[in-house]
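# Chain and residue survey
Okay, here's what each chain looks like letter by letter:
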Amino acid sequence: QSALTQPASVSGSPGQSITISCTGTSSDVGGANHVSWYQQHPGKVPKPIIYEVSNRPAGVSNRFSGSKSGNTASLTISGLQAEDEADYYCTSHTSSGTWVFGGGTKLTVL
Amino acid sequence: EVQLVESGGDLVQPGGSLRLSCAASGFTFSSYWIHWVRQGPGKGLVWVSSIRGDGNDRSYADSVKGRFTISRDNAKNTLYLQMNSLRAEDTAVYYCTRGGYPVVTPAEYWGQGTLVTVSS
């Protein structure tokens with residue numbers, strides 16, 4: 001049950017686009033389309049922003065999008081805004097019937 | 001409105017035990033997988049355990065297997081986590097989360113969390 005691999009930090013200027021990667025194995029990320037992404041602001045409860053690789057929950061901005069290629073899932077945020085500054089986590093179901101999170105990525109809006 | 005309210009967090013000595021509860025409302029409790037996710041101080045999210053709606057399928061992270069037991073009482077709409085042989089590294093905020101349906105996700109809804117501190 002090794003954590004999925006995410007970059008520790010990414011940054012971008014307002015209006016730009018950034019992408020956060022989430023790398024696993026064929027037993028988790030690559031095995032099915034059960035990857036979700038969460039946004040967490042400091043001191044707050046995580047908020048789901050992407051389900052099943054690329055689906056947005058109701059109310060989530062279409063500036064957030066998800067994709068997957070092989071064992072790597074990606075979260076792209078376009079038109080960066082100051083309010084996007086937060087920690088982002090991916091998670092995937094595994095072939096063992098468990099779940100695994102990524103280590104988290106801190107997004108800084110410059 | 002879906003609500004998940006955790007309770008039971010406390011300061012406990014290493015080797016001690018604690019039982020967390022999660023009271024659910026606003027949905028048909030017995031129809032959903034429910035999960036525990038924890039977050040150590042200044043650290044990332046870690047999946048801990050899951051239990052199916054009927055209680056007959058459970059899974060655990062390797063780090064807690066054999067020490068923690070997840071259970072549920074569907075008549076009371078309540079989830080539990082019995083935590084034994086606690087270690088300093090179990091110190092964290094423990095979140096109760098509801099899985100999705102039909103979307104497959106472990107955490108469509110989150111509680112506010114309850115803090116467990118393991119220290120002498």
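Rules used in this analysis
Residues numbered from 1 in each chain as written. Chains lettered and ligands numbered in written order. Predicted model: local features only at pLDDT ≥ 70, side-chain atom pairs only at ≥ 80, totals over all residues. Heavy atoms only, no water. Helix = DSSP H or I, 4+ residues; strand = E, 2+ residues; numbered from the N terminus. Rg over C-alpha atoms; globule rule 2.2 N^0.38 Å. Buried < 20%, exposed > 50% of the residue type's maximum accessible area, 1.4 Å probe, protein only. Areas by Shrake-Rupley, 256 points an atom, 1.4 Å probe, with all protein chains shown as cover. Lys, Arg positive; Asp, Glu negative; His and termini not counted. Charge placed at Lys NZ, Arg CZ, Asp CG, Glu CD. Core = buried A, V, L, I, M, F, W, Y, C linked by side-chain atoms within 4.5 Å. Contact = heavy atoms within 4.5 Å. Salt bridge = Lys/Arg side-chain N within 4 Å of Asp/Glu carboxyl O. Nonpolar A, V, L, I, M, F, W, Y, C, P; charged D, E, K, R; others polar.

Looking now at the overall build of chain A. Within chain A one finds zero helices and nine strands. In sequence order, the secondary structure elements of chain A are arranged as β-β-β-β-β-β-β-β-β. For 110 residues, the compact-globule estimate of 2.2 N^0.38 gives 13 Å, and the C-alpha radius of gyration of chain A, at 13 Å, lies within 12% of that figure. C-alpha extents for chain A along the principal axes are approximately 40 × 25 × 25 Å. Across the 110 residues of chain A, 45% fall into the buried class. For chain A, the exposed surface amounts to about 4800 Å²; the carbon and sulfur share of it is 46%. Separation between the mean location of the 6 positive side-chain charges and that of the 6 negative ones in chain A comes to 4 Å.

Turning our attention to the nonpolar core. General note: in soluble globular proteins, nonpolar side chains tend to be found buried as a group. One finds Trp36, Leu79, Leu81 and Tyr94 of chain B to be the most contacted residues of the largest nonpolar core, which totals 38 residues. For this core, the secondary structure elements donating two or more residues are β8 (99-101) of chain A together with β3 (18-25), β4 (34-39), β5 (45-51), β7 (68-73), β8 (78-83), β9 (92-98) and β11 (114-118) of chain B. Counting residues in each nonpolar core, the second largest holds 23 residues, with Ile18, Val53, Ala73 and Leu107 of chain A among its members.

On to the interface of chain B and chain A. At the junction of the two partners, chain B supplies 24 residues and chain A supplies 19 residues. Remark: the boundary between chain B and chain A carries zero salt bridges. Of all elements in the fold, only β4, β5 and β6 (58-60) of chain B reach the threshold of two or more residues within the side of chain B that touches chain A. With four residues, the single largest contributor to the side of chain B that touches chain A is β5 of chain B. Residues that form the side of chain B that touches chain A fall into these classes: 13 nonpolar, eight polar and three charged.

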